[in-house]
Amino acid sequence: MLKNNIKLIKLHPYEAANLHFLFAMFSFTSVADLITALEQDGYIKGFMAFYINKGEPYLNTAYCIMMNYWNGVVHFVLLLAIVHCMRKGTSYRSIALLWAGSMIATQIVFIPGIVIGKHAKSIYPAFWGNILFLVLPIWATVKVYNSLRKLPIIPADKVEEEQKKGLLSRPKDLLLTLCLLGAMAFTVFRGFVVLECALDICFTYIYQYEPYLKDNVAFSKVMMLAVLFYALPMLTACIYGLSVPGCTWMVDWTLLLAGAIAQTQWAHIGASVHSRTSFTYRIPKDEWRLVMTLNVLFMAVPLLLALHVYRQPAFFMKTVPPGQANNDKKQK
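The rules behind each value
Residues numbered from 1 in each chain as written. Predicted model: local features only at pLDDT ≥ 70, side-chain atom pairs only at ≥ 80, totals over all residues. Heavy atoms only, no water. Helix = DSSP H or I, 4+ residues; strand = E, 2+ residues; numbered from the N terminus. Rg over C-alpha atoms; globule rule 2.2 N^0.38 Å. Contact = heavy atoms within 4.5 Å. Areas by Shrake-Rupley, 256 points an atom, 1.4 Å probe, with all protein chains shown as cover. Lys, Arg positive; Asp, Glu negative; His and termini not counted. Charge placed at Lys NZ, Arg CZ, Asp CG, Glu CD. Buried < 20%, exposed > 50% of the residue type's maximum accessible area, 1.4 Å probe, protein only. Axes fitted to C-alpha atoms, helices over the stretch in contact; angles between N-to-C directions. Parallel < 35°, antiparallel > 145°, perpendicular 65-115°, else oblique. Left-handed = near helix turned anticlockwise from the far one by under 90°. Nonpolar A, V, L, I, M, F, W, Y, C, P; charged D, E, K, R; others polar. Arc of directions from axis to C-beta. Phe/Tyr/Trp six-rings, centres within 6.5 Å; stacked < 30°, edge-to-face > 60°. Salt bridge = Lys/Arg side-chain N within 4 Å of Asp/Glu carboxyl O. Core = buried A, V, L, I, M, F, W, Y, C linked by side-chain atoms within 4.5 Å.

Topic: the overall build of the protein
Step number 1: Across its full length, the protein holds 12 helices and zero strands.
Step number 2: Counting helices and strands in the order they occur from the N terminus, the protein gives α-α-α-α-α-α-α-α-α-α-α-α.
Step number 3: Over its C-alpha trace the protein gives a radius of gyration of 22 Å, about what one expects of a compact globule, namely 20 Å for 332 residues.
Step number 4: Referenced to the eigenvectors of the C-alpha coordinate spread, the extents of the protein come out at roughly 70 × 50 × 30 Å.
Step number 5: Nonlocal contacts in the protein, meaning residues at least 24 apart in sequence, comprise 79% of its contacts between residues at least 6 apart.
Step number 6: As displayed, the protein offers around 16900 Å² of accessible surface, 66% of which is attributable to carbon and sulfur atoms.
Step number 7: In the protein, 30 positive and 18 negative side-chain charges are present, and the distance between their average locations comes to 7 Å.

This is how it looks when you write it as structure tokens:
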């Protein structure tokens, strides 16, 4: 059997305790976010009105409501799973990286969106707490990324056999590569749209398909630019990782990417159809099916990629040195 030679770093008990506290604290804030979203949609009342009016008035926008639903449900479930794994002493690396990608993307869009959007004049001291919600997940990501990585033990001959195959001989990888190319094209196109490209196709798209992109709340504009400048290079790197064997970083980075794209797409899709969004900025009824299909597919591609890498990691393991597989067989 071939055990992949990867540097393993165990967390110091003090650092593990800090992470445990951090995840527990974010679990509490997730509940607060869910309460905020439910109150803004009228399901409950009397809990967060004062805080929103005097602290963070932008939380009553459609994008922030959908963001808070994600925080209150998806993040809460992931955080509970992480804390549970920590208490049992089992690996929580994959779940933590998925949460971290989602949480960092949340703040990368949320903070600039407030500063450059229509709520820029409504920034109160409570706003600065969001900086902490960006810094802490980044710190947690670094700690988790440098912690013990438990990769499966795979027979050397199986790794060698898988890594000898070209892209055309791996149908799933080929399909994912084509999907990633489509996601890259969609990313660049929508980036041009929010940058007010003068091409007729961009003008038509923003007025007839996704008018929410020109909403002066600005969250979706920032989101499209964040995806263009941060996610696009990662999508490109993932195509490289599907083509070249031995890219072990794919196991971790695809999880970060999947979490980030899933969160931003959820908030964008939800805000595009939410009642708090002005009717002129919602997805037109005639184009609803096409726009939703494109957005859901864009959301699904990184998730499917991360799932594929997690379930079939042989191609992404360290490259087998020549002859090692044969020596391994002889030892058996």
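Let's talk about unusual backbone geometry
Step number 1: With phi around 60 degrees, Glu196 is a residue other than glycine that occupies positive phi space.
Step number 2: Mapping Glu196 onto the fold places it in the loop between helix 7 (171–194) and helix 8 (200–208).
Step number 3: A relative accessible area of 67% means that Glu196 is categorised as exposed.
Step number 4: Located in the positive-phi region is Ala218, a residue other than glycine, with phi close to 80 degrees.
Step number 5: Positionally, Ala218 belongs in the loop between helix 8 and helix 9 (219–243).

A closer look at the environment of Tyr310
Step number 1: In this structure, Tyr310 sits in helix 11 (residues 288–311).
Step number 2: Residue classification places Tyr310 among the exposed residues on the basis of a relative accessible area of 54%.
Step number 3: Sequence separation of Tyr310 and Leu255 is 55 residues, and the distance between their C-alpha atoms is 8.9 Å.

Points about the packing of helix 3 (residues 62–88) against helix 4 (residues 93–116)
Step number 1: Where helix 3 contacts helix 4, the axes come no closer than 10 Å and their chain directions differ by 155 degrees. On the basis of the axis angle, helix 3 is roughly antiparallel to helix 4. When you trace helix 3 past helix 4, the crossing you get is left-handed. Within the contact between the two elements, helix 3 uses Tyr63, Cys64, Met67, Trp70, Asn71, His75, Leu78, Leu79, Ala81, Ile82 and Cys85 and helix 4 uses Ile95, Ala96, Leu98, Trp99, Ser102, Met103, Thr106, Val109 and Phe110.
Step number 2: Partitioning the contact of helix 3 with helix 4 into residue classes produces 16 nonpolar, four polar and no charged.

Examining helix 6 (residues 156–164)
Step number 1: Of all the residues in helix 6, the buried ones are Ala156, Val159 and Gln163. Buried residues along helix 6 cover an arc of 65 degrees about the axis, so they all sit on one side. Exposed residues pointing more than 90 degrees away from the buried face of helix 6 are listed as Glu161 and Lys164.

What about the packing of aromatic side chains?
Step number 1: This structure, assessed with the given rule, holds 15 aromatic pairs.
Step number 2: Here the aromatic rings of Tyr58 and Phe110 are separated by 5.6 Å at their centres, their planes lie at 70 degrees, and the arrangement is edge-to-face. Within this pair, whereas Tyr58 is found in the loop between helix 2 (49–54) and helix 3, its partner Phe110 is found in helix 4, the two being separated by 52 residues in sequence. Both residues of the pair, Tyr58 and Phe110, belong to the buried class.
Step number 3: Following the ring pairs from residue to residue traces out a cluster consisting of Phe23, Phe26, Tyr92, Trp99 and Phe133.

Some points on the side chain of Gln40
Step number 1: Here Gln40 is to be found in helix 1 (residues 13–40).
Step number 2: Leaving out residues up to four positions away in the same chain, Gln40 has contacts with Ile52, Leu59, Asn60, Ile65 and Arg276.

Notes on the pattern of salt bridges
Close approach of charged atoms allows side chains with opposite charge to pair.
Step number 1: Scanning the entire structure with this criterion turns up four salt bridges.
Step number 2: Two residues, Glu210 and Arg190, come together in a salt bridge whose shortest N-O distance is 3.2 Å. Here Arg190 lies in helix 7 and Glu210 lies in the loop between helix 8 and helix 9, a separation of 20 residues in the sequence. For the residue pair Glu210 and Arg190, the accessibility class agrees, reading buried in each case.

Some details on the nonpolar core
Step number 1: Formed by 58 residues in total, the largest nonpolar core has its most connected members in Tyr63, Phe110, Leu180, Met250 and Leu305.
Step number 2: Of all the elements in the fold, those that place two or more residues in this core are helix 3, helix 4, helix 7, helix 8, helix 9, helix 10 (250–273) and helix 11.
Step number 3: It is helix 9 that contributes the most residues to this core, 13 residues altogether.
Step number 4: Not counting residues within four places of it along the chain, the set of residues in contact with Tyr63 comprises Val109, Tyr212, Phe219, Ser220, Met223, Thr264, Ala267, His268 and Ala271.

A look at the side chain of Gln265
Step number 1: Relative to the helices and strands, Gln265 is located in helix 10.
Step number 2: Discounting chain neighbours no more than four positions away, the residues touching Gln265 are Arg190, Met223, Asn295, Phe298 and Met299.

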